[in-house]
Amino acid sequence: MRTLRLAVPALAVCVALSACGGQGGGDGTPTPTPTGAQPVTSQPTPDPTPAPATVTPTVPPGGKTPKPGGPSTPPGVRATTLSGTVQGGVEPGCVLLDGYLLIGGPRDVLKPGARVEVTGRVEPGMMTTCQQGTPLVVSAAQPS
């Protein structure tokens, strides 16, 4: 009789676990969780977007030498220009200017404490490893 008292709850647990494991329709697609999220079944794929490249401007014959860190062409349509003092972020390698996280740009110009003028485009949806600031992808930076 004692064996029966132990076997019945153990059997109930096995049935409950097998019922949970059997959800998913059998077609190999994961079943959504109650929050709507899908379970992770593979490694994340790397971001296909390449990192912004640093471009060294060339001087046309008879032209002026551009200032370090800045292009000689006007900014694009969605460009924002800021000036002020660069501040260090809470994470190593993160620099901010007026609440914007500076992404890319010449790091010899964009150092904490430097007074600069920065041109770039605001990317509020961009994911970063820094814990503060709205991302601003720098297209030009120069000391001011």
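Preceding block: the structure.
The structure contained in this document is the topic of the report that follows. Keep in mind the model is a prediction, meaning the values are calculated, not measured.

The rules behind the values
Residues numbered from 1 in each chain as written. Predicted model: local features only at pLDDT ≥ 70, side-chain atom pairs only at ≥ 80, totals over all residues. Heavy atoms only, no water. Helix = DSSP H or I, 4+ residues; strand = E, 2+ residues; numbered from the N terminus. Buried < 20%, exposed > 50% of the residue type's maximum accessible area, 1.4 Å probe, protein only. Contact = heavy atoms within 4.5 Å. Areas by Shrake-Rupley, 256 points an atom, 1.4 Å probe, with all protein chains shown as cover. Salt bridge = Lys/Arg side-chain N within 4 Å of Asp/Glu carboxyl O. Core = buried A, V, L, I, M, F, W, Y, C linked by side-chain atoms within 4.5 Å. Disulfide = S-S within 2.5 Å. Pairing = 2+ DSSP bridges.

**With respect to the overall build of the protein chain**
Moving on, step 1. A count of helical and extended segments in the protein chain gives 1 helix and 6 strands.
Moving on, step 2. The 144 residues of the protein chain split such that 18% are buried.
Moving on, step 3. By sequence separation, contacts in the protein chain at least 24 residues apart represent 56% of the contacts at least 6 residues apart.
Moving on, step 4. On the protein chain, roughly 10,700 Å² of surface is accessible, and the fraction owed to carbon and sulfur atoms is 60%.

**Details of the pattern of salt bridges**
Moving on, step 1. Across all of its chains, the model carries 1 salt bridge by this definition.
Moving on, step 2. For Glu-123, the salt bridge identified is with Arg-121, shortest N-O distance 2.8 Å.
Moving on, step 3. In this structure Arg-121 comes out as partly exposed when scored by relative accessible area, which is 38%.

**Describing unusual backbone geometry**
Keep in mind that most residues, glycine aside, have a negative phi and that most peptide bonds are trans.
Moving on, step 1. With a phi close to 50°, Asp-98 is a non-glycine residue in the positive phi region.
Moving on, step 2. Here Asp-98 lies in the loop between strand 3 (95-97) and strand 4 (100-103).
Moving on, step 3. In this structure Asp-98 comes out as exposed when scored by relative accessible area, which is 53%.

**Points about the nonpolar core**
Moving on, step 1. Leu-97, Leu-102, Leu-110, Val-116, Val-118, Val-138 and Ala-141 are the most contacted members of the largest nonpolar core, which has 13 residues in total.
Moving on, step 2. Looking at this core, the elements that each hand over two or more residues are strand 3, strand 5 (115-122) and strand 6 (134-143).
Moving on, step 3. Per element, the largest residue contribution to this core is 3 residues, and it comes from strand 6.
Moving on, step 4. Look past the residues within four positions of Leu-110 in its chain and what remains in contact with it is Val-86, Val-95, Leu-102, Gly-104, Gly-105, Val-116, Val-118, Val-138 and Ala-141.
Moving on, step 5. Judged by nonpolar contacts, the second largest core, of 6 residues, contains Cys-94, Leu-96, Ile-103 and Val-137.

**Things to note about the state of the cysteines**
Moving on, step 1. Taken as a whole and judged by the stated rule, the model has 1 disulfide.
Moving on, step 2. At a sulfur-sulfur separation of 1.7 Å, the disulfide partner of Cys-94 is Cys-130. The disulfide joining Cys-94 to Cys-130 has a torsion of about -85° about its S-S bond and is therefore left-handed. Residue Cys-94 is found in the loop between strand 2 (87-88) and strand 3, and its partner Cys-130 is found in the loop between strand 5 and strand 6; the two are separated by 36 residues along the sequence.
Moving on, step 3. Overall, Cys-130 belongs to the buried group, its relative accessible area being 15%.

**Comments concerning the sheet that holds strand 6**
Within a sheet, neighbouring strands are paired by backbone hydrogen bonds and run either parallel or antiparallel to one another.
Moving on, step 1. Read from one edge of the open sheet, 6 strands run 1-5-6-4-3-2, paired in mixed fashion. In the strand order of this sheet, the two ends are held by strand 1 (80-85) and strand 2, each with one partner.
Moving on, step 2. Pairing between strand 2 and strand 3: 2 bridges, direction antiparallel. What sits directly across from Gly-88, in strand 3, is Val-95.

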